[in-house]
Amino acid sequence: MGILDEIAESLERGEDQEVGALVRRALDERHAPLEVLNQGLVAGMDVVGERFRAREIFLPDVLMAARAMYAGLDLLKPLLAREGVPSAARVVLGSVHGDLHDIGKNLVGIMLRGAGFDVIDLGNDVPAARFVDIAVERGASVIGLSALLTTTMPVMKDVVELVRARGLAGRVRVIVGGAPVSEAWAREIGADAHGYDAANAVERVRALVGARR
Amino acid sequence: MRERVTWTPAEAAPSREAVLALQGIPPRGASPRAEGLLDRALAIHLELAEPRAIVGAITRGEFAEVYRGAGRNAPETPLECIVPRADGLALFAATVGAPLTSRIRALFAENEPALAAMLDSVASAAADRLADLLAARALAEMASGDRVRVLAYSPGYCGWHVSGQGALFAALRPEEIGVTLNASFLMEPLKSVSGVLVTAAPEVHRFAPAFPFCADCRDKPCRARMASRAA
């Protein structure tokens, strides 16, 4: 088995320290950082995603794999940046104003990072304008909004309207999610997508930005 | 009559099955590593949980006022049919305390997402268990306990708009046990539950989950609740 396959398999098992060591070894063996990323880390994470969708593995295993992904990504990021390889896309993420729930939003952030996206997590209780301000300031192409309360869902509409009002529609896409949030709600407020769980959110964001590597 | 109730963390500890179900893991589906995470999360629960509740009996007339709340309930709801036939009603609020929520956040910040998510599920399942413990306690106090069932109904579910938390809190005053409400009607600490305990014959609790709002309810937990023998 080659070192890149070893990285992928180690990542699937969620062995973060082992992944870090293997990525270092692969770089020492003169594998290109992009090759290590795509044929090692991303390949392993793709298998994790497939097994999760097939219900062969579950959330804890996916999160451990994601942490292992970070261990490798942390080593590769500076090298990829030096070579001018862009990240998949930048996503601004947060729970909307009035909502202090953040577990779902955190899981989406972890999965997005694991998929290679650059995630700016604004935390919870985030005012509508802040999502848009930060997206503009940091050049994000996607805003991800989470709400767990029906009372806070209207803030999602405020964000969509702000994106339009500032002439960003089409350049900055909005994806919404959370227990009470539905595809119908996303359509009603004019959001670009709805993610029904963390794994689905990654797929939807990938589709939005056409960023699948 | 209002009453404060406390439990030990062990009494409030949820079953492994309940926690794994919240993680989307079917029975016997957890990997050894997931089981290990669950052990660690349950140990943290035993260390940090501060389970407590406040409960107060309420008449049907008083509850009608609370239930009306800010007038944002669905046009037809199950509780409107259930409450007039209930033998007893009690408002309640219960929490597993703030330290667990703080620990969950800290674990995410420490790049321990799998343990953080597992602890979140432990805390959620523990909060649900507190409502079950209160229901079981109310049932035990009934002379005719074998002929009735006590079930908890909460704002935010089954057509009872979450804004109903405002009237519920005004009537129950759970601030006394450290549970507060923000402007979005969100309870703090986050891992808290509130609602009304309804004591009634089992058939009174039964309804068809075919209300318009049921279409937005993914899991339809009411089915299992209505079918369960417990409480």
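Summarised in this report is the structure supplied together with it. Not measured: the values here are computed from a predicted model. (Residues numbered from 1 in each chain as written. Chains lettered and ligands numbered in written order. Predicted model: local features only at pLDDT ≥ 70, side-chain atom pairs only at ≥ 80, totals over all residues.)

### Section: the overall build of chain B
Assigned secondary structure in chain B consists of 9 helices and 7 strands. In terms of overall size, chain B behaves like a compact globule, its C-alpha atoms giving a radius of gyration of 18 Å where 231 residues would be expected to give roughly 17 Å. Dimensions of chain B, computed from the C-alpha atoms along their principal axes, are close to 50 × 35 × 35 Å. Taking all 231 residues of chain B together, 46% fall into the buried category. Considering only intrachain contacts with a sequence separation of at least 6, the fraction spanning at least 24 residues in chain B is 81%. (Helix = DSSP H or I, 4+ residues; strand = E, 2+ residues; numbered from the N terminus. Rg over C-alpha atoms; globule rule 2.2 N^0.38 Å. Buried ≥ 20, exposed ≤ 12 C-beta atoms within 10 Å, placed from the backbone. Contact = placed C-beta atoms within 7 Å.)

### Details of unusual backbone geometry
Cis peptide bonds are those with omega within 30 degrees of zero, and the linkage from B:Glu188 to B:Pro189 qualifies with -5°. Relative to the assigned elements, B:Pro189 resides in the loop between strand E6 (187-188) and strand E7 (192-200). Even without being a glycine, A:Arg30 presents a positive backbone phi close to 70°. With respect to the secondary-structure elements, A:Arg30 resides in the loop between helix H2 (16-28) and helix H3 (33-53). For A:Arg55, which is not glycine, the phi torsion reads 60° and is therefore positive. For A:Arg55, the position within the fold is in the loop between H3 and helix H4 (59-82). The class for A:Arg55 is exposed, based on 11 C-beta atoms found within 10 Å.

### Here we look at H2(A)
Residue and element names in this part refer to chain A. If you check H2, its first and last C-alpha atoms are 18 Å apart, about what 13 residues at 1.5 Å a residue would give, namely 18 Å. The complete set of buried residues in H2 reads Asp16, Val19, Leu22, Val23 and Ala26. Buried residues in H2, looked at end-on, bunch into an arc of 120°, giving them a common side. For H2, the exposed residues set more than 90 degrees away from the buried face come down to Gln17 and Asp28. Contacts from the buried residues of H2 go to helix H1 (3-12), H3 and H4. Once H2 ends, the next one or two residues include Arg30, with phi positive near 70°. (Expected span 1.5 Å × (residues − 1). Arc of directions from axis to C-beta.)

### Brief notes about the interface of chain A and chain B
Facing the 24 residues of chain A at the interface are 25 residues of chain B. Among the secondary structure elements, those contributing two or more residues to the side of chain A that touches chain B are H4 and helix H5 (103-114) of chain A. Top element by residues in the side of chain A that touches chain B is H4(A). It accounts for 7 residues. When the residues that make up the side of chain A that touches chain B are grouped by side-chain class, the tally is 13 nonpolar, 8 polar and 3 charged. (Nonpolar A, V, L, I, M, F, W, Y, C, P; charged D, E, K, R; others polar.)

### A closer look at the pairing of strand E2 (residues 52-57) of chain B
The side chains of a regular strand alternate between the sheet's two faces. Residue and element names in this part refer to chain B. Note: strand E1 (residues 2-6) against E2, 5 bridges, orientation antiparallel. Of the residues in E2, the one forming a bridge with Arg4 is Ile54. In the sheet, E2 pairs with strand E3 (residues 88-95) via 6 bridges, with the strands oriented antiparallel. If you follow Ile54 over to E3, its bridge partner there is Ala93. (Pairing = 2+ DSSP bridges.)

### Brief notes about the sheet that holds E2(B)
Residue and element names in this part refer to chain B. Strand order in the open sheet made by the 5 strands is E1-E2-E3-E7-E4, with antiparallel pairing throughout. The open sheet has two edge strands with one neighbour each: E1 and strand E4 (149-153). Within the sheet, the average angular offset between the axes of one strand and its neighbour, ignoring direction, is 25°. Sitting on the sheet, helix H8 (residues 164-172) is in contact with E2, E3 and E7, with an inclination near 95° to E3. (Axes fitted to C-alpha atoms, helices over the stretch in contact; angles between N-to-C directions.)

Interpretation note: all reported values are geometric properties and have no functional meaning in isolation.
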